[in-house]
Amino acid sequence: MFRFIVFCILIRNSCAKTILVEELTKWTLRNETSSVTIDVPRLPSGVYTALKDTYGDLLGPENDVSLRWIANISWIYSTSFYSAEMEHDGQVNLTLHGIDTVSKVRLNGELLGETDNMFVRYSFIIGHLLLPSPNQNILEIEILSPLQEASRRAREFEDLGVNTGPISCPSARGDVECHRNLLRKMQMSFGGEWNPAALSSGIWKTVVVEYYAVAVLRDIDVAIKRNDTHWTMDCRAFLSTHATTDFYAQLVVHANELLDDPYVVEKRKVSFGSPVLEFKVHIPKDRVILWWPNGYGTQKLYPVHFSAKCFISEMATTLSSRSESQKLLKIGFRTIDLVEDKDSIGRTFFFRVNGHPIFMKGANYVPAHTLPELSADADAVEYLLKTAHDAKMNMIRVWGGGLYESENFYNFADFYGLLVWQDMPFSHAAYPRSGDFEASVRVETVQNAQRVSYHPSLALIVTNNEIELFLVNNKSDFGENETQVISRSDFSPRPGPMISTPSLGIAESLQDHINNPQSPNYGDVHFWDNKDGFSPENYPRARFISEFGYASLPIMSTWRRAIGDNANGSNHEVAALIRSRQHDPKGFIPMLQLIAYQLPFVPQNWDENIEKFIYFSQVAQAMATKTGFEVFRSLRTGNHTMGALVWQLNDVWVAPTWSCIDFYGNLKMVYYWAKEFLAPTSVIALYDNNSDSLNITLTREDFSEHRDSQLYYVLVNTYLWTDLIAKKTIARAFGLGSNDLEVRQIPLQYLLYENYSKKEIFWEIVLEDEYGDLVARTYFYPVPIKDIVGIKDPDLTLEVAGQDCRTATSPYANSFSLRITVKSPALLVYLELSHPAYIKERHKFSTNGFTQTQPKKTVHLTFENDSECLMLNTSHIRVQTMNQYLL
């Protein structure tokens, strides 16, 4: 009899049921008077998204203003569901993973509670309110107007005499909204210098009903540590429970590639007030392949499965108990440090990964869509991060005006080797010190840190964007306690959190007094200067540049697509849309000034030749961004400058912005150039005005366990604008090891040819390996392009070759060879797809915006679509060169 009882207990312990999670997907949306009712077939959803077919796309021309009424009223989401079979003493949660933003939640007519933070997961006990089948439960989520709610809170603070500093309104042209700092909502929703006011509201993440016995395994933080013999996964399993007494839990870890046997955390008591299981899993070093950032090695990820079982008491369990919950994570093994050592001018600021100092080169990321419910789309997010990976980037900064990003985002960042600099979503404002607000922020911080911390891509958490700078610039509005707006907490063993960006870094910010956060000798800087972006001396010799960039216009087909099918897309309509989408307070002045430094353009009549304006804006953006990156990369000797992140990678609508990729995914010229000027092994040519010399820098940014010195040759070819044959060549040999950099200075007088002036000459700088194979190439133009003399019509011809659709079979290889022939140098050849049926197809050129000095060149055009056979001819490719504007 005793053996039978023991056998039953063992069976019951090993056969616990998994918790039941039912997702509520089908909803109805209505306004307060029910005069508008819409079926919502799936979540995530937002009001603007749900009403798109009825009232138009928020991102259509002028709709960001004309549809603002939607954000000015409350909306009610409702759904019905049957109760699952409930256990005796079992628990049932309604868990809302993301509500945007202020709402009242009712079940079967009873108020469950309210939400007021879109970044917080809310969970309500509902077992006592559920109706037994066949009755249906009615769930309603009334989402209050974000406009009305922000204004109401502003009035409350004013009535209470609370000083919240300068009114928080976006510094931008266009129709923007104020008081964004009073709602824990995506801050860019209120509008900005490059984005619309899009005051979203809705259910932007899933809603689930959870049936369980004691607790739910919610998140797992895995901190990676290493010693001489082992790696350690320092784990914390976070349980979610409504229990009012301590309970028991056990946990099993399966990692077949790392462990011969499962790792078992034996049943132990867990505090109901702080339900966390802490444990360490040790793995021999020889079982692990390192995870590296893009360009330095592979991104090995190990699947690790965690299974937790929770029980009321040490012996209490039944076969029918829903006590087991599971998580599957992909773990990457790497160490990361933020090194802030004192030196002769201040402190270093660089990331060391797996013991190796790495120059960070990348971009600032904004949400993939201005509506949060659409920002996690896996296809869109992967496209953007893969595109960053393909451009040799190794870091992405998640900007503080946006979101804590989706699991899709961090998973793709892990996969593509993109380290993530994560701003918390606070930006350029003062935030309330009220108890309720701070309590909500604490929950927000904890939940999101627990959710994302295990990702190997996560490099740094920064508590905000530009708040420290904002406080320094507005001291008189706050009095003596301005530093209280910012708080700190430990994030060991990972770097951070950092107090703000820009800042003096972590080490210096431990001082009580806020100094100039833009000091080039410490931390990071944001560089926004309207000086000549083509001159190397205008860039700061800073430690880390986390923002810099230049604006441009998307291509013409993007503008016409944004206008919509019902318009004819005339130049007049395009010009009107461009003007309405210009939200920069300075208007077009910075863009036109940048163009005027270099290019033959008359700014007063840009709307008379929009395609020329677009082309020139993209040329200027590419040239200036290239100069900036190359200056910063050339300064990494002694770890002086160790990172630069361009503003910005992507876009949320069609507008004049600083993006490298437009809203529809079309790649701007700066992106094509970045694939070359961010290459790990590069040759850089920068003009030194003081010595009238060309500084040639050869840089290798890679990792090798050994010295790995390699021989390279740099050839400087002198060309006349009239001829495809180089008139003069100077060669230099370089020996360069892994992660090395070397600079050679060549006076321009040695590179000139006969009696020709700088206006008639340009230089091609070629980097070859010891076998004579091309490694990298760049060009140097010694005078502004507008001052070039002697350039000719290159007599450019184009041939298009592709598959024969009569014989091709699915999946179709929609790749085309574009053969370009010239008779003299062609400056900045730019290719644009103009086929009316294909402009909506996602596509890439192998290169673009290039200078052609060889008679023939082949460029490849590839489409993602392989489900239909595409046909192109020369009339479907528009070609522009700078030659045509200089003649």
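Bear in mind the structure is a predicted one, so any value in this text is a computation, not a measurement.

## Some thoughts on unusual backbone geometry
Right, so step 1: Residue Thr101 is bonded to the preceding Asp100 through a cis peptide linkage, with omega at -5°.
Right, so step 2: Among the secondary structure elements, Thr101 is positioned in the loop between strand E8 (99-100) and strand E9 (103-107).
Right, so step 3: In this model, Lys392 sits at a positive phi of 70°, which is unusual for a non-glycine residue.
Right, so step 4: Counting through the fold element by element, Lys392 comes out in the loop between helix H6 (378-390) and strand E26 (395-398).
Right, so step 5: Even without being a glycine, Glu466 presents a positive backbone phi close to 65°.
Right, so step 6: Along the chain, Glu466 falls in the loop between strand E28 (458-462) and helix H9 (467-473).
Right, so step 7: On the accessibility criterion, Glu466 (14% relative accessible area) is buried.

## A look at the state of the cysteines
Right, so step 1: Using the criterion set out here, one finds two disulfides in the structure.
Right, so step 2: Between the sulfur atoms of Cys169 and its disulfide mate Cys178 the distance is 1.9 Å. As the torsion about the S-S bond is roughly 110°, the Cys169-Cys178 disulfide counts as right-handed.
Right, so step 3: By relative accessible area, which is 29% here, Cys169 ends up partly exposed.
Right, so step 4: In this model, Cys805 is linked to Cys869 through a disulfide, with the two sulfur atoms separated by 2.0 Å. When the S-S torsion is -90°, as for the bridge of Cys805 with Cys869, the disulfide is left-handed. Here Cys805, found in the loop between strand E39 (797-801) and strand E40 (815-821), pairs with Cys869, found in the loop between strand E44 (856-863) and strand E45 (877-880); they are 64 residues apart in sequence, far enough to count as distant.
Right, so step 5: The closest cysteine sulfur to the non-disulfide-bonded Cys235 is located on Cys310, 16 Å from its own sulfur.

## Digging into the nonpolar core
Right, so step 1: Residues Trp27, Leu94, Phe548, Leu827 and Met882 are the most contacted members of the largest nonpolar core, which totals 192 residues.
Right, so step 2: Every residue in contact with Met882, bar those within four places of it in the chain, is listed here: Leu599, Pro600, Tyr615, Phe616, Val619, Ile785, Leu827 and Leu828.
Right, so step 3: If you look at the next biggest cluster of nonpolar residues, it comprises 35 residues, including Cys235, Leu239, Phe247 and Leu329.

## Topic: H6
Right, so step 1: Here H6 spans 18 Å end to end across 13 residues, near enough to the 18 Å set by a 1.5 Å rise per residue.
Right, so step 2: Residues of H6 that are buried include every one of Val381, Tyr383, Leu384, Leu385, Thr387 and Ala388, and no others.
Right, so step 3: Against strand E25 (360-365), E26, helix H7 (407-416), helix H15 (669-677) and strand E42 (843-845) lie the buried residues of H6.
Right, so step 4: Trailing H6 by a residue or two, Lys392 shows a phi angle of about 70°, which is positive.

## Points about the packing of H6 against H7
Right, so step 1: Where H6 contacts H7, the axes come no closer than 9 Å and their chain directions differ by 30°. By the criterion of interaxial angle, the relationship of H6 to H7 is roughly parallel. Here H6 runs over H7; the crossing is right-handed. Where H6 approaches H7, its residues Ala378, Val381, Glu382, Leu385, Lys386 and His389 are matched on the opposing element by Asn408, Phe409, Phe412, Ala413 and Tyr416.
Right, so step 2: Looking at the contact of H6 with H7, its residues break down into seven nonpolar, two polar and two charged.

## As for helix H13 (residues 589-598)
Right, so step 1: When we look at burial in H13, the residues that qualify are Met591, Leu592, Leu594, Ile595 and Gln598. Projected onto a plane normal to the axis of H13, the buried residues spread over an arc of 160° and lie on a single side.

## As for the sheet that holds strand E35 (residues 728-736)
Right, so step 1: Spatially, E35-E34-E37-E38 is the arrangement adopted by the four strands of the open sheet, whose pairing is antiparallel. Each edge of the open sheet is held by one strand with a lone partner, namely E35 and strand E38 (774-780). Pairwise comparison of adjacent strand axes, ignoring direction, gives a mean angle of 20° for this sheet.
Right, so step 2: In the sheet, strand E34 (residues 710-720) pairs with strand E37 (residues 761-769) via nine bridges, with the strands oriented antiparallel. Of the residues in E37, the one forming a bridge with Asn717 is Glu764.

## Here's the deal with the packing of aromatic side chains
Right, so step 1: Taken as a whole and judged by the stated rule, the model has 49 aromatic pairs.
Right, so step 2: Judged by centre distance (6.4 Å) and plane angle (80°), the rings of Trp27 and Tyr77 are edge-to-face. Pair noted here: Trp27 is in strand E3 (residues 27-31) and Tyr77 is in strand E6 (residues 75-81), with a separation of 50 residues, a long-range link. In this structure, Trp27 and Tyr77 share a single accessibility class: buried.
Right, so step 3: Ring geometry for Trp69 and Trp75: centres 6.4 Å apart, planes at 45°, overall tilted.
Right, so step 4: Taking NZ or CZ as reference, Arg561 lies 3.9 Å from the ring centre of Tyr664, over its face.
Right, so step 5: Sitting over the ring of Phe850, Lys857 keeps its end group 5.0 Å from the ring centre.

Calculation notes
- Within each chain, residue numbers correspond to sequence positions counted from 1 in written order.
- This being a predicted model, a pLDDT of at least 70 is required before a residue's local features are given, and a value of 80 or more before pairs of side-chain atoms are given or counted; all residues contribute to the totals for chains, interfaces and linings.
- Only heavy atoms go into the side-chain values, all of them from the structure, while hydrogens and water stay out.
- The way it works is that DSSP assigns letters per residue, a run of H or I at least four long becomes a helix, a run of E at least two long becomes a strand, and they are numbered from the N terminus.
- Burial classes follow relative accessibility: with a 1.4 Å probe on protein chains only, a residue under 20% of its type's maximum area counts as buried, one over 50% as exposed, and anything between as partly exposed.
- Disulfide: a pair of cysteine sulfur atoms within 2.5 Å of each other.
- For the purposes of this section, nonpolar cores are sets of buried Ala, Val, Leu, Ile, Met, Phe, Trp, Tyr and Cys residues that join through side-chain atoms within 4.5 Å.
- By definition in these notes, contact holds between two residues if any of their heavy atoms fall within 4.5 Å.
- Helix span, expected: 1.5 Å multiplied by one less than the number of residues in the helix.
- Axes here refer to lines fitted to C-alpha atoms; in helices the fit is confined to the stretch in contact. Angles between the N-to-C directions go from 0 to 180 degrees.
- Note on angle classes: values under 35 degrees are labelled roughly parallel, values over 145 roughly antiparallel, values of 65 to 115 roughly perpendicular, and the remainder oblique.
- A clockwise turn of the near helix away from the far one marks a right-handed crossing, whereas an anticlockwise turn of less than a right angle marks a left-handed crossing.
- Residues are grouped as follows: nonpolar covers Ala, Val, Leu, Ile, Met, Phe, Trp, Tyr, Cys and Pro; charged covers Asp, Glu, Lys and Arg; every other residue, Gly included, is treated as polar.
- This arc is taken over the directions from the axis of the helix to the C-beta atoms.
- The pairing criterion is simple: DSSP has to find at least two bridges between the two strands.
- The aromatic pairing rule takes the rings of Phe, Tyr and Trp, using the six-membered ring of Trp, and pairs them if the centres are within 6.5 Å, calling planes under 30 degrees apart stacked, those over 60 edge-to-face and the rest tilted.
- Note on geometry: a ring has a charge over it if NZ (lysine) or CZ (arginine) is within 6 Å of the ring centre and within 35 degrees of the ring normal.

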